[in-house]
There are 2 protein chains.
Amino acid sequence: MIVHCEERTVSPDRASVLAEVQVLLDARIAGSDRYGGAIRELWELAARRVGGGKLLRPILLLDTCAALRRAGQLGAEAPVGAADAAVVLRCAAALELLHFAFLLHDDVIDHDLVRRGEENLVGELHRRGSARGGTQRSLHWARSAGLLLGDQLLALVHQEVARLRVPERRRTMLLDLLDDAVAESAAGELLDVGLADGMIPPERTAVMTMTRSKTAAYSFELPLGMAAVLAGADSGTTDALRHAGRCAGTAFQLQDDLLSAFGDERLHGKDPWSDIREGKRTLLIEAARGTPAWPRIQEALGGQESGPRDGERLRMLLEQCGARARVEEEIRAQLAAARRALAPASSPVPAEVAQVIDQHLRRLEGRSR
Amino acid sequence: MIVHCEERTVSPDRASVLAEVQVLLDARIAGSDRYGGAIRELWELAARRVGGGKLLRPILLLDTCAALRRAGQLGAEAPVGAADAAVVLRCAAALELLHFAFLLHDDVIDHDLVRRGEENLVGELHRRGSARGGTQRSLHWARSAGLLLGDQLLALVHQEVARLRVPERRRTMLLDLLDDAVAESAAGELLDVGLADGMIPPERTAVMTMTRSKTAAYSFELPLGMAAVLAGADSGTTDALRHAGRCAGTAFQLQDDLLSAFGDERLHGKDPWSDIREGKRTLLIEAARGTPAWPRIQEALGGQESGPRDGERLRMLLEQCGARARVEEEIRAQLAAARRALAPASSPVPAEVAQVIDQHLRRLEGRSR
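Residues numbered from 1 in each chain as written. Chains lettered and ligands numbered in written order. Predicted model: local features only at pLDDT ≥ 70, side-chain atom pairs only at ≥ 80, totals over all residues. Heavy atoms only, no water.

*Asks:* What should I look at first to understand the interface of chain B and chain A in this one?
*Replies:* Interfaces are often sized by the accessible area lost when the parts come together. Facing 55 residues of chain B, the contacting portion of chain A comprises 55 residues. Sorting the residues of chain B by area buried against chain A places Tyr 35, Leu 190 and Met 199 of chain B first, and these three jointly supply 15% of that buried surface. The partner of Asp 179 of chain B in a salt bridge is Arg 28 of chain A, with the nearest N and O atoms 2.9 Å apart. Our enumeration of links across chain B and chain A arrives at 21 residue pairs in polar contact (both at pLDDT 80 or more). When contributions to the side of chain B that touches chain A are tallied by element, the ones reaching two or more residues are α2 (37-49), α4 (85-110), α6 (135-162), α7 (168-196) and α8 (204-213) of chain B. A breakdown of the residues in the side of chain B that touches chain A according to their chemical character gives 25 nonpolar, 16 polar and 14 charged. (Contact = heavy atoms within 4.5 Å. Buried area = accessible area lost by both parts, 1.4 Å probe. Salt bridge = Lys/Arg side-chain N within 4 Å of Asp/Glu carboxyl O. Polar contact = N/O pair within 3.5 Å; in protein donor to acceptor, adjacent residues only side chain to side chain. Helix = DSSP H or I, 4+ residues; strand = E, 2+ residues; numbered from the N terminus. Nonpolar A, V, L, I, M, F, W, Y, C, P; charged D, E, K, R; others polar.)

*Asks:* So what exactly am I meant to see when it comes to the relation of the copies chain B and chain A here?
*Replies:* Both copies of the chain are related through a single rotation about an axis accompanied by a shift along the same axis. Once chain B is rotated about the relating axis by 180 degrees and shifted along it by 0.0 Å, it coincides with chain A to within an RMSD of 0.0 Å. Viewed as a symmetry operation, the transformation between the two copies matches a two-fold axis. Taking the C-alpha atom as reference, chain B places Ala 162 of chain B closest to the rotation axis, 2.8 Å from it. Both copies contact each other with a shared surface, as 100% of the interface residues of chain B are interface residues in chain A too. (Least-squares fit on C-alpha atoms with pLDDT ≥ 70 in both.)

*Asks:* Even after reading the chapter, I still don't get the nonpolar core, so can you show me in this structure?
*Replies:* What tends to happen in soluble globular proteins is that the nonpolar side chains get buried as a cluster. Leu 61, Met 226 and Ile 297 of chain A together with Leu 61, Met 226 and Ile 297 of chain B are the most contacted members of the largest nonpolar core, which has 250 residues in total. Those residues in contact with Ile 297 of chain B that lie beyond four places of it in its chain are Ala 288, Leu 314, Leu 317, Leu 318 and Cys 321 of chain B. (Core = buried A, V, L, I, M, F, W, Y, C linked by side-chain atoms within 4.5 Å. Buried < 20%, exposed > 50% of the residue type's maximum accessible area, 1.4 Å probe, protein only.)

*Asks:* Looking at this structure, I do not really get the packing of helix α3 (residues 56-70) of chain A against helix α17 (residues 351-364) of chain A. What am I missing?
*Replies:* Relative orientation and spacing of two packed helices are given, respectively, by the angle between their axes and the distance between those axes. Residues and elements named next belong to chain A. Contact pair α3 / α17: the axes reach a minimum separation of 8 Å and the direction vectors enclose 160 degrees. Classified by the angle between their axes, α3 and α17 sit roughly antiparallel to one another. In the packing of α3 onto α17, the handedness of the crossing is right-handed. When α3 is examined against α17, the residues Ile 59, Leu 60, Asp 63, Thr 64, Ala 67, Leu 68 and Arg 70 are found in contact with a partner set consisting of Glu 352, Val 353, Val 356, Ile 357 and His 360. (Axes fitted to C-alpha atoms, helices over the stretch in contact; angles between N-to-C directions. Parallel < 35°, antiparallel > 145°, perpendicular 65-115°, else oblique. Left-handed = near helix turned anticlockwise from the far one by under 90°.)

*Asks:* How should I be thinking about the packing of helix α10 (residues 235-262) of chain A against α17 of chain A in this particular structure?
*Replies:* Residue and element names in this part refer to chain A. Following both chains from N to C, one finds α10 and α17 inclined at 10 degrees, their axes separated by 11 Å at the closest point. As the angle between them shows, α10 and α17 are arranged roughly parallel. Side by side, α10 and α17 meet where Leu 241, Ala 248, Phe 252 and Gln 255 of the first sit next to Val 353, Ile 357, Leu 361 and Leu 364 of the second.

*Asks:* Looking at this structure, I do not really get unusual backbone geometry. What am I missing?
*Replies:* Glycine aside, residues mostly have negative phi, and peptide bonds are mostly found in the trans state. Here Leu 55 of chain A, not a glycine, exhibits a phi torsion of approximately 60 degrees, which is positive. Of note, Leu 55 of chain A is situated in the loop between α2 (37-49) and α3.

*Asks:* What is the right way to read helix α15 (residues 311-320) of chain A from this model?
*Replies:* An α-helical segment advances 3.6 residues per turn. Residues three or four places apart therefore align on the same side. Residues and elements named next belong to chain A. Listed in full, the buried residues belonging to α15 are Gly 311, Leu 314, Arg 315, Leu 317 and Leu 318. Angularly, the buried residues of α15 cover 165 degrees about the axis, an arc narrow enough to put them on a single face. Residues of α15 that are exposed and angled more than 90 degrees away from the buried face: Glu 312 and Gln 320. Following α15 by one or two positions, Gly 322 adopts a phi angle in the positive range, close to 90 degrees. (Arc of directions from axis to C-beta.)

*Asks:* For this particular structure, what's the right way to read the packing of aromatic side chains?
*Replies:* All names here are of chain A. With the rule as written, the count across this model stands at four aromatic pairs over all chains. Arranged with centres 4.8 Å apart and planes meeting at 85 degrees, the rings of Phe 102 and Tyr 218 form a pair that is edge-to-face. Taken together, the residues span a long stretch of sequence, with Phe 102 in helix α4 (residues 85-110) and Tyr 218 in helix α9 (residues 216-231) at a distance of 116 residues. With respect to class, Phe 102 is no different from Tyr 218; both count as buried. Across from the ring centre of Phe 262, 4.2 Å away, lies the NZ or CZ of Arg 324, which sits over that ring. (Phe/Tyr/Trp six-rings, centres within 6.5 Å; stacked < 30°, edge-to-face > 60°. Lys NZ or Arg CZ within 6 Å of the ring centre and 35° of its normal.)

*Asks:* I'm lost on helix α14 (residues 294-301) of chain A in this one. Help?
*Replies:* Every buried residue belonging to α14 of chain A is among Trp 294, Ile 297, Ala 300 and Leu 301 of chain A, and all of these are buried. Down the axis of α14 of chain A, the buried set is contained in an arc of 120 degrees. They therefore lie on one face.

Here's what the structure looks like:
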């Protein structure tokens, strides 16, 4: 399961991002009329559901871009002008649509009808479809529609980035960043599935690559990298921001793994142990492998379909064998690496920009949802 | 099922297209190394399997573009120069990758492991995976990998079109054409699934929209439209070519529906009656509805899982009730409309260009595979 964005933000940018996303989806709704009501309904459903999270990715881009602008001209390239705030906002909206597309395909792959305790888009299509046909047909329709809507959202994101009104060199850099993020996220998701299905040996390298790739690239590295390019930052600043994003995103994913096992489900809203039930090979599980507690942990993990036989016992074993501590240590190390990449003494990132990003990092630390 | 391209061609362009496709996939193979062997293997598998058809779409683009160039300057815009033949070839390769992406997602949606009598990519992944895990896990892995590989191919197509070295206005026109084709193909596929699953009422409008949308837009309209834009054709010529492509592509899809029911499977290689088994609502079936033979046809259609109880009897009924003749008539009407759009007396399309496209249309007529 790709993790949903977590931070609450009171930024006034939130409304602008949501409005921009709706502009893009309204155009799709209007364009779908010629294919009949069912296609229009699907886009309307997407429009109602998009942006339901905390807009982590767009807000990270907007905050960072604004901070880079305040810090003044950074490289040889002029920042996108104030008149082009629309370009930055469009890019932010594209990030939210990319997130939505990935969540949709993730739900299709995981056969999930629920996300964070609430019916997801596939689940809603299935519920509505059940009135029109049997469960199997309705499930097939719902998943197929989720897949095809995800395809169209992915295409839309690329169309929007390809049409951004910025100089060609800058647009190519943005396309490069998008390309990296899509390739890396898909690779991470593939590793996740392959490890869970027992098609890829659960070696630590594969588990760490999966943990680093499936969320960090598109959720942190991409927003920070795009902000740098839009603001005209030099390549040193861009690279430092991307590296910081990569590390912060890895911490974010690891936290999510921990929350799934140890968090308060009333706060984070995730189906507890859903990772375990889906056979997911998180670092938490891999850290337990090879410890003396492993045979008892395996037993407590239970069958793949059922979830753990005894959640409390599993939690205790994962604590006692040191797996939880090992993951917490890795989270601290990743956050420390992110901060090193932004440290005023050694980083090309201006101090006031580092400060803005640090606020996001602090929100990550100790999050419970 | 999206229809595979059909025409045999001996064009020397074939080798160039395949080489260009391999260039694009080789870059992906090289880029995937950092995610470990499983991801690299997937791209290698894609590289081995892509371009296995007749390259209908790339060849249509290359032939039309070359004919437009021979016909000389057509509009206010200069054609992409001879030195930029590489641009045209890149665009042609992108079309083949788009086709490959759509076939992959179609196979995932239809739960197909075989295409035209041969194991498809999902089937190969499943067969290999079965050695490493149970059938269910291996199937899940194979379909998930097919979905994620399709995502990446779809992203790659957009990346390539977005980076074509043509003037910005021209690139935007190409992006517009791609956008239309992706939206329309996805809508067509959605209607196909929704009709088969009983989620969309099988009204004639929906069946015709599905028939027109799922193949024609990306297989005929897009190659002809892109050729026009690359050659610098005026908007009248571009529109006429797109319209001709739309009509020819609809005929192509209808022929495929007929072949599935009446064709010689030794020639066309399709699983006979696979459309019926998947509950597909082709125009052939819709034309039979409402005729006096319908109750007997329904009976002969049998259950959704099994295919027809008696194929010979079903064929006879579909002939006798006039459904086959109705579809054949529609095919003739669509091909006639395509020819009208290209007729020298009334069309802005130069006669020598029309002639080249007519060769493709003639190959379509009476095809048996």
